Amino acid sequence: MRIIFIILAIIFLTACSQATKPHPVIVAHVEAFNAKDITAMGKVEHPDIEWLSVNGSETETVVKGRTALAEVMADYLDSNPSVIGTLRGWSQNGNFISVTETASWTTDKGEKKAQSSLTVYELEDGLIRRVWYYPEQN
């Protein structure tokens, strides 16, 4: 009986660790974001990517398409040159991956700031197809 319990515990722990490990496509996207490399970001984005913002019962499409997203990201990164993203709390259900993303930056006055947001990614053909951002938390 004890050996069965040990085997079941190993299976459970293995399943949990696989379900929470970082996904390489999303890691590559955030690494490219941190490097301010718009071209590298585009390589892991679906051509028809949609960037969505969720607030309560409302969902707004912020941007559609890889080219439009590249323009938005370039403007954002130009206006926030010190911003760095980090990821934690991974969970995956098929093509949907949720993670807590934290953006950290330094203000013009040298003040350190950070905010986190629950983010859900949808993958299609090995690329990021949709991203839902939920309200940020300080």
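Within any chain, residue numbers begin from 1 and follow the written order of that chain's sequence. A pLDDT threshold of at least 70 governs which residues receive local features in this predicted model, and a stricter bar of 80 or more applies before side-chain atom pairs are shown or counted, although totals over entire chains, interfaces and linings include all residues. The side-chain quantities take in all heavy atoms of the structure and omit both hydrogens and water.

**Notes on the confidence of the model for the protein chain**
Working step 1: Within the protein chain, residue pLDDT values average 88, and 86% of them lie at 70 or more.
Working step 2: Across the chain, each position has a pLDDT score giving the predictor's confidence in that residue, from 0 to 100. Note on contacts: a residue pair is in contact if any heavy atoms of the two residues lie within 4.5 Å. Counting interchain partners and residues more than four positions distant, the pLDDT-below-50 stretch residues 4-19 has three contacts.

**Details of the nonpolar core**
Working step 1: Of all hydrophobic cores here, the largest spans 22 residues; its most connected members are Trp-51, Tyr-121 and Ile-128.
Working step 2: For helices the rule is a DSSP run of H or I covering at least 4 residues; for strands it is a run of E covering at least 2, with both sets numbered from the N terminus onward. Taken together, the elements giving at least two residues each to this core come down to helix 2 (24-34), strand 1 (45-55), helix 4 (66-79), strand 4 (96-106), strand 5 (112-124) and strand 6 (127-133).
Working step 3: At five residues, helix 2 tops the list of elements feeding residues into this core.
Working step 4: If we skip the residues at most four places from it in the chain, Trp-51 touches His-29, Glu-60, Thr-61, Val-62, Val-63, Leu-69, Met-73, Val-131 and Tyr-133. Among buried residues, those of type Ala, Val, Leu, Ile, Met, Phe, Trp, Tyr and Cys that are joined through side-chain atoms within 4.5 Å constitute a nonpolar core. A simple rule labels every residue: compare its accessible area, found with a 1.4 Å probe on the protein chains alone, to the largest value its type can have, and call it buried under 20%, exposed over 50%, or partly exposed in between.

**So, the pairing of strand 6**
Working step 1: With five of seven residues buried, strand 6 is to be regarded as a mostly interior element.
Working step 2: When DSSP finds at least two bridges between two strands, those strands are taken to pair. Relative to strand 6, strand 1 runs parallel, the two being bridged by five bridges. Of the residues in strand 6, the one forming a bridge with Trp-51 is Val-131.
Working step 3: Bridge analysis of strand 5 against strand 6 gives six bridges, and the strand direction is antiparallel. Paired with Val-120 across the bridge in strand 6 is Trp-132.
Working step 4: With antiparallel pairing between neighbouring strands as the criterion, strand 5 and strand 6 make up a hairpin whose turn holds two residues, including Asp-125 at a positive phi of roughly 55 degrees.

**Overview of the packing of aromatic side chains**
Working step 1: Classification of ring pairs rests on two measures: the distance between centres of Phe, Tyr or Trp rings, Trp counted by its six-membered ring, which must be within 6.5 Å, and the angle between planes, read as stacked under 30 degrees, edge-to-face over 60 and tilted in between. Going through the model one piece at a time under the given rule, you end up with three aromatic pairs.
Working step 2: Each ring, one from Phe-33 and one from Tyr-76, has its centre 6.3 Å from the other, and the planes form 25 degrees; the classification is stacked. With Phe-33 in helix 2 and Tyr-76 in helix 4, this residue pair connects regions lying 43 residues apart in the sequence.
Working step 3: Looking at Phe-33, the relative accessible area reads 12%, which means it is buried.
Working step 4: Placement of a positive charge over a ring is assigned whenever Lys NZ or Arg CZ falls within 6 Å of the ring centre and within 35 degrees of the normal to the ring plane. Seen from the ring of Phe-33, Lys-36 lies directly overhead, with NZ or CZ sitting 6.0 Å from the centre.

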